[in-house]
Amino acid sequence: MMIIMKPGSTQAEVEHVIEHIKANGLTPHVSVGEDHTVIGAVGDTHAVPIEIFDFLEGVESVVRISQPFKLASRQFHPKNSVFPLDGFTIGGNDIVVIAGPCSVESRVQMLETAQAVREAGAHALRGGAFKPRTSPYTFQGLGEEGLELLAEARQLTGMPVVVEITSLTQVEVMEKYVDILQIGARNMQNFALLSTVGQTQMPVLLKRGMSATIEELLMASEYILSGGNQRVMLCERGIRTFETATRNTTDINAIPVLKSMTHLPVILDPSHSTGHADYVTAIARAAIAAGADGLIVEVHPDPAHALSDGRQSLKPEKFAELVKQVGQIAEVMGRKLAPVNKPQKSNLLEKPKED
Ligand code: PEP
Ligand code: MN
């Protein structure tokens, strides 16, 4: 349930409501808006009558949130959640582009890609170090060595890095090297992992499971939000259907549906949702036209020799064209690409390595 405080309600009144929420076995989540403070009371609210809160000082109204997801719901938080991600913001009017290889493979591959996507206008860098591969016999990622290379690329380009976490045991090493945690499709319902990242203060990019409904995605986000971590971005990455012409089917509907159901930023991954480099740009354009707040795109300098997902990876020149086209669609939609403030050129590969 949601307790809406009167404009100008005092801190003491807010605290009094919080005490009542706790006394009824519920957990309070305070959201301070421009006009109103709203306090979410989350837990088993069925047995708790609304009247308990209605008569408290400073309370304007009490509403039950009808959807099963509470903190992610637009009912709880009507305005878009907008939050900073090291140099830019996500969820507002600006469109954010995250790009990089599926997997970190080598220093040269990582730094070359980082430089190319930065020059093309990317805002954040992606790269997998712990890969959730279907086969245990394929490349599994470089592990911590991969994270070190990503951190080096971040230092040289100024881009924050996004990396998938696949196990609870990786939290510490992620906190050391990474800016944004990705929860992959295969772990969308790994509830222990969701709760653990909810205990961190790192922004999370939560990908939709390949057979998960939109509601299940939102319930998964609730595990993170209810732990106190408010910086969650949702990512549509294609779902399993009977269609075999593409790796997955981009659920473009999910973008406006999510935007109406939740205040959280929504991102589209046209690489995994199509599985083919030839279709990535078209679907990236469609995503922005449909209202997405950003994209996450796989880019590789030599896709034919990539150790994972080469078929769907764009060469840097194609990615530069994608950014240009996406910028044009954004303008039509009354939006724009987030500014790229930090250095774009840095001759990364000329820097001597220390060891
Ligand atoms: C990835 O981003 O490389 C990845 C494995 O994505 P997903 O979890 O969407 O399959
Ligand atoms: Mn991939």
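Residues numbered from 1 in each chain as written. Chains lettered and ligands numbered in written order. Predicted model: local features only at pLDDT ≥ 70, side-chain atom pairs only at ≥ 80, totals over all residues. Heavy atoms only, no water.

**Student:** Give a description of the packing of helix H3 (residues 107-120) against helix H4 (residues 144-157) that names residues and reports values.
**Tutor:** Relative to each other, H3 and H4 sit at 35°, their axes nearing to 10 Å. You can see that H3 and H4 cross each other, and the crossing is right-handed. Contacts between H3 and H4 pair Arg107, Met110, Leu111, Ala114, Gln115 and Arg118 from the former with Leu149, Leu150, Glu152, Ala153, Leu156 and Thr157 from the latter. Residue composition of the contact of H3 with H4, by class: seven nonpolar, two polar and three charged. (Axes fitted to C-alpha atoms, helices over the stretch in contact; angles between N-to-C directions. Helix = DSSP H or I, 4+ residues; strand = E, 2+ residues; numbered from the N terminus. Left-handed = near helix turned anticlockwise from the far one by under 90°. Contact = heavy atoms within 4.5 Å. Nonpolar A, V, L, I, M, F, W, Y, C, P; charged D, E, K, R; others polar.)

**Student:** Which residues make up the sheet that holds strand E2 (residues 27-32), and what are the values?
**Tutor:** The strand order across the open sheet formed by four strands is E2-E3-E1-E4, and the pairing between neighbours is antiparallel. A single partner strand is all that each edge strand has here, and the edge strands are E2 and strand E4 (59-63). This sheet shows a mean twist of 20° between the axes of neighbouring strands, independent of strand direction. As defined by bridge partners, strand E1 (residues 2-5) adjoins strand E3 (residues 37-42) across three bridges and the pair is classed as antiparallel. (Pairing = 2+ DSSP bridges.)

**Student:** Describe the packing of aromatic side chains, listing the residues and the values that go with them.
**Tutor:** Within this structure, the stated rule accounts for one aromatic pair. When the ring of Phe191 is compared with that of Tyr223, the centres are 4.6 Å apart and the planes differ by 25°; the resulting orientation is stacked. Taken as a pair, Phe191 in helix H6 (residues 191-199) and Tyr223 in helix H7 (residues 214-225) lie far apart in primary sequence, 32 residues in all. Residue Phe191 is classed as partly exposed on the basis of its relative accessible area, which comes to 34%. Residue classification places Tyr223 among the partly exposed positions, given a relative accessible area of 36%. (Phe/Tyr/Trp six-rings, centres within 6.5 Å; stacked < 30°, edge-to-face > 60°. Buried < 20%, exposed > 50% of the residue type's maximum accessible area, 1.4 Å probe, protein only.)

**Student:** An account of the domain arrangement of the protein chain is needed here, citing residue identities and associated values.
**Tutor:** Entries for the protein chain in the domain assignment read domain 1 (2-63) and domain 2 (83-337). The C-alpha-based centres of domain 1 and domain 2 are spaced at 36 Å. (Domains from an automatic or database assignment.)

**Student:** Lay out the layout of surface pockets in plain terms, naming residues and giving numbers.
**Tutor:** What the largest pocket holds in volume is close to 610 Å³. Taken together, 25 residues line the largest pocket, and the ones lying closest to its centre are Ser31, Val32, Gly33, His77 and Pro78. Those elements giving two or more residues to the lining of the largest pocket turn out to be E1 and E2. Both domains that furnish three or more residues to the lining of the largest pocket are identified here as domain 1 (2-63) and domain 2 (83-337). Computed from the structure, the second largest pocket encloses a volume of approximately 280 Å³. Class assignment of the residues belonging to the lining of the second largest pocket gives a composition of three nonpolar, six polar and ten charged. (1 Å grid on protein atoms, 1.4 Å probe; cavity = no way out; pocket = protein on both sides within 12 Å on 5 of 7 lines; lining within 4 Å. Points joined across faces, edges and corners; volume = space filled by probe spheres on them.)

**Student:** Can you explain the coordination of the manganese ion (ligand 2)? Please cite residues and give values.
**Tutor:** Only Cys102 (SG), His272 (NE2), Glu298 (OE) and Asp309 (OD) from the protein reach the manganese ion (ligand 2) as donors, at distances of 2.0 to 2.4 Å. Donor residues binding the manganese ion (ligand 2) come from one chain and are separated in sequence as C-x169-H-x25-E-x10-D. In this pair, His272 sits in helix H9 (residues 270-274) while Glu298 sits in strand E14 (residues 294-298), placing the two residues 26 residues apart along the sequence. The pair His272 / Glu298 is uniform in exposure class, with both members buried. (Donors = N, O, S within 2.8 Å, 3.2 Å for Na, K, Ca; no water.)

**Student:** Lay out the packing of helix H10 (residues 277-289) against helix H11 (residues 316-332) in plain terms, naming residues and giving numbers.
**Tutor:** At their nearest, the axes of H10 and H11 sit 9 Å apart, and the two run at 25° to each other. In this view, H10 runs roughly parallel relative to H11, as classed from their interaxial angle. Classified by chirality, the crossing of H11 by H10 is right-handed. Contact residues: H10 offers Val280, Thr281, Ala284, Arg285, Ile288 and Ala289, while H11 offers Leu322, Gln325, Val326, Ile329 and Ala330. (Parallel < 35°, antiparallel > 145°, perpendicular 65-115°, else oblique.)

**Student:** Explain empty space enclosed by the protein to me, and be specific about the residues and the numbers.
**Tutor:** Gaps left between atoms show up when a probe the size of a water molecule is rolled over them. Tallied over the full model, the rule gives one cavity of 30 Å³ or more. One number sums up the size of the largest cavity: a volume of about 70 Å³.

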